[in-house]
Amino acid sequence: MLLAGLLAGQAEAAPLRVGDAVLEPVALDALPGFGDDDLTAALAAFRATCRPDQPQAPVLAEAAPDAPRQDLAAACAAAAAVPSEGAREFFLRRFAAYRVLRPARETPAERRAGFLTGYFEPELDGSPVPTPDFTVPALARPDDLVSLEPGETRPGLDPSLRAARREGDALTPYPDRAAIEDGALGPRTRPLVWLRDAVDLLVLQVQGSGRVRLPDGRSVRLAYDGRNGLPYTSVARLIVTSGHLPLEGLTLERWTGWLRAHPAIARDLIRRNASYIFFRLDDGAPETGPRGAAGAPLTAGRSLAVDATLWRYGLPFWLDGALPEPEGGSVPLRRLVIAQDTGSAIVGPARGDLYLGTGARAGATAGLLRDPARFVVLLPKPDAPGAAP
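Fair warning: this is a prediction, and the values are worked out from it, not measured in the lab.

1. Re the sheet that holds strand β6 (residues 136–139)
Then comes step 1: Strand order in the open sheet formed by 6 strands is β6-β10-β5-β11-β12-β13, and the pairing between neighbours is mixed. Each edge of the sheet is formed by a strand with only one pairing partner; in this case those strands are β6 and β13 (277–282). The mean angle between the axes of side-by-side strands here comes to 45°, regardless of whether they run parallel or antiparallel.
Then comes step 2: Both strand β5 (residues 123–127) and strand β10 (residues 191–195) contribute to a ladder of 2 bridges, which runs antiparallel. Along β10, the bridge assignment pairs Gly-126 with Leu-195.
Then comes step 3: Sitting on the sheet, helix α6 (residues 198–207) is in contact with β5, β6, β10, β11 (209–213), β12 (219–227) and β13, with an inclination near 20° to β6.

2. Quick notes on the environment of Ala-373
Then comes step 1: Of note, Ala-373 is situated in strand β18 (residues 370–380).
Then comes step 2: Spatially, the C-alpha atoms of Ala-373 and Leu-116 are 5.9 Å apart, while their sequence positions differ by 257 residues.

3. Some remarks on the confidence of the model for the protein
Then comes step 1: On average, residues of the protein carry a pLDDT of 87, and 87% of them reach 70 or more.
Then comes step 2: Segment residues 1–11 is flagged for pLDDT under 50; beyond a separation of four residues in sequence, or across chains, it makes 21 contacts in the model.
Then comes step 3: Here residues 53–68 is a poorly scored stretch, pLDDT under 50, and it has 47 contacts once near neighbours within four places are set aside; other chains count.

4. Here we look at the sheet that holds strand β7 (residues 145–147)
Then comes step 1: Reading across from one edge, β7-β8-β9 is the order of the 3 strands in this open sheet, with antiparallel pairing throughout. Where the open sheet ends on each side, the last strands, each with one partner, are β7 and β9 (170–172). Within the sheet, the average angular offset between the axes of one strand and its neighbour, ignoring direction, is 45°.
Then comes step 2: Across 3 bridges, β7 lies against strand β8 (residues 163–167) in antiparallel orientation. Within the sheet, the bridge partner assigned to Ser-147 lies in β8 and is Ala-163.

5. Looking at the side chain of Thr-49
Then comes step 1: The residue Thr-49 is located in helix α2 (residues 39–50) in this model.
Then comes step 2: There is a polar contact of 3.0 Å between the side chain of Thr-49 and the backbone oxygen of Ala-45.

6. Re the packing of α2 against helix α4 (residues 87–94)
Then comes step 1: Where α2 meets α4, the closest approach of the two axes is 8 Å, and the angle between their N-to-C directions is 60°. Where α2 abuts α4, its residues Leu-39, Thr-40, Ala-42, Leu-43 and Phe-46 lie against Ala-87, Arg-88, Phe-90 and Phe-91.
Then comes step 2: For the contact of α2 with α4, the residue count by class is 7 nonpolar, 1 polar and 1 charged.

7. Examining the pattern of salt bridges
Then comes step 1: Taken as a whole and judged by the stated rule, the model has 18 salt bridges.
Then comes step 2: Arg-211 is the partner of Glu-121 in a salt bridge, and the nearest nitrogen-oxygen pair spans 3.1 Å. In this pair, Glu-121 is assigned in strand β4 (residues 114–121) and Arg-211 in strand β11, connecting sequence segments 90 residues apart. Both residues of the pair, Glu-121 and Arg-211, count as buried.
Then comes step 3: Salt bridges linked by common partners bring Asp-143, Asp-144, Arg-165 and Arg-188 together as one network.

8. Here we look at the packing of aromatic side chains
Then comes step 1: Taken as a whole and judged by the stated rule, the model has 11 aromatic pairs.
Then comes step 2: A ring pair is formed by Phe-46 and Phe-90, whose centres lie 5.8 Å apart and whose planes are at 50°; its orientation type is tilted. With Phe-46 in helix α2 and Phe-90 in helix α4, this pair connects stretches of sequence that are 44 residues apart.
Then comes step 3: Note on Phe-46: relative accessible area 0%, which makes it buried.
Then comes step 4: A ring pair is formed by Tyr-276 and Phe-278, whose centres lie 5.2 Å apart and whose planes are at 55°; its orientation type is tilted.
Then comes step 5: Site record: aromatic cluster; members linked through ring pairs are Phe-46, Phe-90, Phe-91 and Phe-95.
Then comes step 6: Seen from the ring of Tyr-174, Arg-165 lies directly overhead, with NZ or CZ sitting 5.5 Å from the centre.

9. Re the nonpolar core
Then comes step 1: Core analysis: the biggest nonpolar cluster contains 72 residues, and Phe-46, Phe-90, Phe-91, Leu-259, Trp-311 and Phe-317 have the highest contact counts within it.
Then comes step 2: Those residues within four positions of Phe-46 in sequence are excluded, and the remaining contacts are Leu-72, Ala-75, Cys-76, Ala-79, Phe-90, Phe-91, Phe-95, Gly-314, Pro-316 and Ile-338.
Then comes step 3: If you look at the next biggest cluster of nonpolar residues, it comprises 23 residues, including Leu-145, Leu-195, Leu-222 and Ile-277.

Cut-offs used in this document
- Residues numbered from 1 in each chain as written.
- Predicted model: local features only at pLDDT ≥ 70, side-chain atom pairs only at ≥ 80, totals over all residues.
- Heavy atoms only, no water.
- Pairing = 2+ DSSP bridges.
- Helix = DSSP H or I, 4+ residues; strand = E, 2+ residues; numbered from the N terminus.
- Axes fitted to C-alpha atoms, helices over the stretch in contact; angles between N-to-C directions.
- Contact = heavy atoms within 4.5 Å.
- pLDDT = per-residue confidence, 0-100.
- Polar contact = N/O pair within 3.5 Å; in protein donor to acceptor, adjacent residues only side chain to side chain.
- Nonpolar A, V, L, I, M, F, W, Y, C, P; charged D, E, K, R; others polar.
- Salt bridge = Lys/Arg side-chain N within 4 Å of Asp/Glu carboxyl O.
- Buried < 20%, exposed > 50% of the residue type's maximum accessible area, 1.4 Å probe, protein only.
- Phe/Tyr/Trp six-rings, centres within 6.5 Å; stacked < 30°, edge-to-face > 60°.
- Lys NZ or Arg CZ within 6 Å of the ring centre and 35° of its normal.
- Core = buried A, V, L, I, M, F, W, Y, C linked by side-chain atoms within 4.5 Å.

Structural data, given as structure tokens:
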């Protein structure tokens, strides 16, 4: 509707809005750094999200405001025939760029930067059975858990809840973390693996997936398989606001180390995060990344988690910010990424979480990335019959 008019050149139309943000048209090829980016990598990530054999492919078109779903489908179809050297022309021809302007108190929008964080796939030690060294279970999805799609509500449930418990014909709020840890689910779930402690489980749940090394040398991947739908509270932020550690220099290694050194306080802080994540064993190719919410394997540095109530999976975004380096300092971050995932802490139109890969180095970078960044979304142009890719 609004998008179609805007793309047809109706300058007098009201500005396109997503959530509480205004989208300002910009020239894609004039964005600083666009000509230097490896758009072949972005095209590969885009194609992965478009693949029809992805188990969650239908969600590709479910969560976009105002944008005709057939336009993104047309871009997906066209991408299959694009040679690697044609990636730049493909994005320029098929998409229109819009800067995401965040709201201000005094005016409808202003040129404030959005906020970008990073996440990664941790590598943890574990056991298929409980032992004195591995005492905390990573649980499978319970059989009474009902997940709600972005924007979906059910009668009698608080609209903020993203999941519910099925009790006969009724839906009720799901137990919180503390209740689950105290055994509220009973036989409705089962341990997939046992981890070293509650801190490792928290890291696994915050990141949404992970690889677990078993004592016999095997490695298994745990993939996200739903959550209890209650609000997420950052334990790292609780550590800071409670005065235990300063925000400056707060790395993943530092705050998890602090939790292990103060187990009694750690238990209380962790249980204040009511959100709880469940997992499944993923037997996918180990050389690929974990699957995001769109069903596609994540690509380090090219996959973005977004607010799925506002943005459709598969939409490209241009990021303009800085990427910290574990050794110190930072490098410019100017690249095209693809919306392939979401997270309970990713809320708002100018908020993203960049997937950075597997292992300790990716984790160190992810722990440092919490900086302003400018977001430009690429919305698909209306498809014309016979249009070239």
